Amino acid sequence: MADAVTWQERLTLVDGFLARRAERGPSMSPEVAAAWATIVARRGRIRVGDLAASCGWSRKRLWSRFSAQIGLTPKRAAMLVRFDHAARALRAGESAGSVAMACGYADQPHLHRDVLALAGCTPGALADRTTTAD
């Protein structure tokens, strides 16, 4: 990583590392895999109770199994997937207001708080920083 010059090079190295590590790890239960696939397919816009019901599990069991096998709670995973979708939309030039609405944030300040917490900057700065990075 220290020799990588661009963020793309760093991300490629991290992706490779994570892929190799995942190959050596234990397999995921079908229920947890399905829950993850649902989170991704719904772009993070799903309630944990609905996710648990889709697996036939209680919220507590889903929370426990998902956390043990993924390393995040289902709620945190959904939040990060939703943020990823929002960040991509911001980088594509969409306005913060339209991104907030499309990504299921309660309002634009909610999007602003998540971007600030996860990226350390405002939505506008995230869009500017990522479009000119490299």
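Presented here is an overview of the structure given in this document. A quick note: this is a predicted structure, and the numbers were derived from the prediction, not measured.

Here we take up the overall build of the chain. What the chain contains, in helices and strands, is eight helices and zero strands. Along its sequence from the N terminus, the chain presents helices and strands in the succession α-α-α-α-α-α-α-α. If you line up the chain on its principal axes, its C-alpha atoms span 45 × 40 × 20 Å. Relative to its 134 residues, the chain shows a buried fraction of 28%. In the chain, the share of contacts with a sequence separation of at least 24, taken over all contacts with a separation of at least 6, comes to 48%. Only carbon and sulfur atoms are counted for the fraction: they give 55% of the accessible area of the chain, which is about 8600 Å². The averaged location of the 12 negative side-chain charges in the chain is 10 Å from the averaged location of its 19 positive side-chain charges.

Right, let's get into the nonpolar core. Nonpolar side chains tend to gather and get buried jointly when the protein is soluble and globular. Of all hydrophobic cores here, the largest spans 15 residues; its most connected members are Leu 90, Val 99, Tyr 105, Leu 111 and Leu 126. Residue assignment for this core shows that the elements contributing at least two residues are helix H5 (74-91), helix H6 (96-102), helix H7 (108-119) and helix H8 (123-132). Formed by 14 residues, the second largest nonpolar core is a distinct cluster that contains Val 32, Val 48, Ala 78 and Val 81.

Now for the packing of aromatic side chains. Within this structure, the stated rule accounts for zero aromatic pairs. Sitting above the plane of the Trp 57 ring, Arg 65 keeps its charged end 5.4 Å from the centroid. Sitting over the face of the ring of Tyr 105, Arg 82 holds its NZ or CZ atom 4.1 Å from the ring centroid.

A word on helix H4 (residues 59-70). In this model H4 runs 16 Å from its N-terminal to its C-terminal C-alpha over 12 residues, within 8% of the 16 Å that 1.5 Å per residue would give. Looking one or two residues past H4, Gly 71 carries a phi angle of roughly 95°, positive in sign.

For H7, spanning 12 residues, the distance from its first C-alpha to its last is 16 Å, which sits close to the expected 16 Å at 1.5 Å a residue. All of the buried residues in H7 are His 110, Leu 111, Asp 114 and Val 115. Down the axis of H7, the smallest arc covering the buried residues is 130°, so these residues share one side. One or two steps after H7, the chain reaches Gly 120, where phi turns positive at roughly 75°.

Definitions and cut-offs
- Residues numbered from 1 in each chain as written.
- Predicted model: local features only at pLDDT ≥ 70, side-chain atom pairs only at ≥ 80, totals over all residues.
- Heavy atoms only, no water.
- Helix = DSSP H or I, 4+ residues; strand = E, 2+ residues; numbered from the N terminus.
- Buried < 20%, exposed > 50% of the residue type's maximum accessible area, 1.4 Å probe, protein only.
- Contact = heavy atoms within 4.5 Å.
- Areas by Shrake-Rupley, 256 points an atom, 1.4 Å probe, with all protein chains shown as cover.
- Lys, Arg positive; Asp, Glu negative; His and termini not counted.
- Charge placed at Lys NZ, Arg CZ, Asp CG, Glu CD.
- Core = buried A, V, L, I, M, F, W, Y, C linked by side-chain atoms within 4.5 Å.
- Phe/Tyr/Trp six-rings, centres within 6.5 Å; stacked < 30°, edge-to-face > 60°.
- Lys NZ or Arg CZ within 6 Å of the ring centre and 35° of its normal.
- Expected span 1.5 Å × (residues − 1).
- Arc of directions from axis to C-beta.

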